[in-house]
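Chain residues, written in single-letter form:
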Amino acid sequence: MTDYELDAVDREILYALQEEARNLSSSEIAERTDASSSTVRKRIQRLESEGVIKGYSANIDYTKSGYPIRMLLYCTASIPERGDYIDDILAIPGVVSVQELVTGEQNLLVTAVVKNDREITPIAQEISDMGLTITDEVLVRSHRSTSFDEFASQ
């Protein structure tokens, strides 16, 4: 965002959407923020157009959906080119996220989910074929996240 700064209403809207975007109406969010439903709808549209809200997605339990293995692949790319690889890595079946890291030798973190350990090797091979070096592989036992509490009303 350039000229737009979040105020208390924006932060409360973001917190509510993090908690349960699928089940909350603008009227319910309005009750939380002491704003009108139309104000909430307009604020959400502005937060979307400003790129603060990038989209809406489901929080999937990959293990329960048949993909029990989550691997973190730490990769090294040349610094000027590391961002150029992100879309190509995301296109690899099984890859669910890529994070660009700015400190240390490892500067891309790839998360992949698969049904069995044999499916990791082809993903790693595709990444390697792009010219990236995989410096570490980490098997994740569990993963949980929470809403960013700085958006909650104080």
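The structure displayed is predicted, hence computed values, not measured ones. (Residues numbered from 1 in each chain as written. Predicted model: local features only at pLDDT ≥ 70, side-chain atom pairs only at ≥ 80, totals over all residues. Heavy atoms only, no water.)

### Quick look at the side chain of R43
Looking at the element boundaries, R43 is found in helix α3 (residues 37-49). In this structure, R43 is in contact with Y4, D7, V9, D10 and I13, ignoring residues within four places of it in sequence. (Helix = DSSP H or I, 4+ residues; strand = E, 2+ residues; numbered from the N terminus. Contact = heavy atoms within 4.5 Å.)

### Observations regarding the UniProt feature "domain: HTH asnC-type" (unreviewed entry) in the protein
Here, UniProt's "domain: HTH asnC-type" (unreviewed entry) annotation points to residues 6-68. Helix makes up 54% of residues 6-68 and strand 0%. Its end C-alpha atoms lie 38 Å apart. (UniProt positions renumbered as here; feature names shortened; annotations may be inferred.)

### Focus on the sheet that holds strand β4 (residues 133-140)
A sheet is described by the order of its strands in space; here four strands give the open sequence β2-β3-β1-β4, paired in antiparallel fashion. Each having just a single partner strand, β2 (95-100) and β4 make up the two edges of the open sheet. If you compare each strand with its neighbour and ignore which way they point, the axes differ by 20 degrees on average. Note: β2 against strand β3 (residues 108-114), five bridges, orientation antiparallel. Residue E100 lies in a different strand from β3, and its bridge partner there is L108. (Pairing = 2+ DSSP bridges. Axes fitted to C-alpha atoms, helices over the stretch in contact; angles between N-to-C directions.)

### Considering the packing of helix α2 (residues 26-33) against α3
At their nearest, the axes of α2 and α3 sit 8 Å apart, and the two run at 100 degrees to each other. Comparing the axis directions of α2 and α3 gives the class roughly perpendicular. The residues of α3 that touch α2, namely those facing S26, S27, I29, A30 and T33, are S37, V40, R41 and I44. Looking at the contact of α2 with α3 residue by residue, the class counts come to four nonpolar, four polar and one charged. (Parallel < 35°, antiparallel > 145°, perpendicular 65-115°, else oblique. Nonpolar A, V, L, I, M, F, W, Y, C, P; charged D, E, K, R; others polar.)

### Some remarks on a negative patch on the surface
Where like charges cluster on the molecular surface, the negative patch consists of E81, D84, D87 and D88. If you trace the backbone, E81 turns up in the loop between β1 (69-76) and α4 (86-90). (Patch = residues over 30% accessible without salt bridge, like charges linked within 9 Å, V, L, I, M, F, W, Y side chains within 5 Å. Areas by Shrake-Rupley, 256 points an atom, 1.4 Å probe, with all protein chains shown as cover. Salt bridge = Lys/Arg side-chain N within 4 Å of Asp/Glu carboxyl O. Lys, Arg positive; Asp, Glu negative; His and termini not counted. Charge placed at Lys NZ, Arg CZ, Asp CG, Glu CD.)

### Re the nonpolar core
Grouped together as the largest cluster of nonpolar side chains are 19 residues, with contacts concentrated most on I89, L108, V110, I123 and I127. Sorting the residues of this core by element identifies β1, α4, β2, β3 and α5 (120-129) as the ones contributing at least two each. Listed in part, the 17 residues of the second largest apolar core include Y4, V9, Y15 and L24. (Core = buried A, V, L, I, M, F, W, Y, C linked by side-chain atoms within 4.5 Å. Buried < 20%, exposed > 50% of the residue type's maximum accessible area, 1.4 Å probe, protein only.)

### Describing the pattern of salt bridges
A full pass over the atoms with the stated rule returns four salt bridges. The salt bridge involving R43 is made with D7; its shortest N-O contact spans 2.8 Å. One end of the pair, R43, is in helix α3; the other, D7, is in the segment before α1 (8-20), with 36 residues separating them in the sequence. Take R43: its relative accessible area is 15%, and that puts it in the buried class. Here R32 makes a salt bridge to E20, at a shortest N to O gap of 3.3 Å. Here R32 is found in helix α2, whereas its partner E20 is found in helix α1, with 12 residues between them in sequence. Judged by its relative accessible area of 36%, R32 is partly exposed. Residue E20 is classed as partly exposed on the basis of its relative accessible area of 30%. Taken together, the shared-partner salt bridges in this structure form one network comprising D7, D10 and R43.

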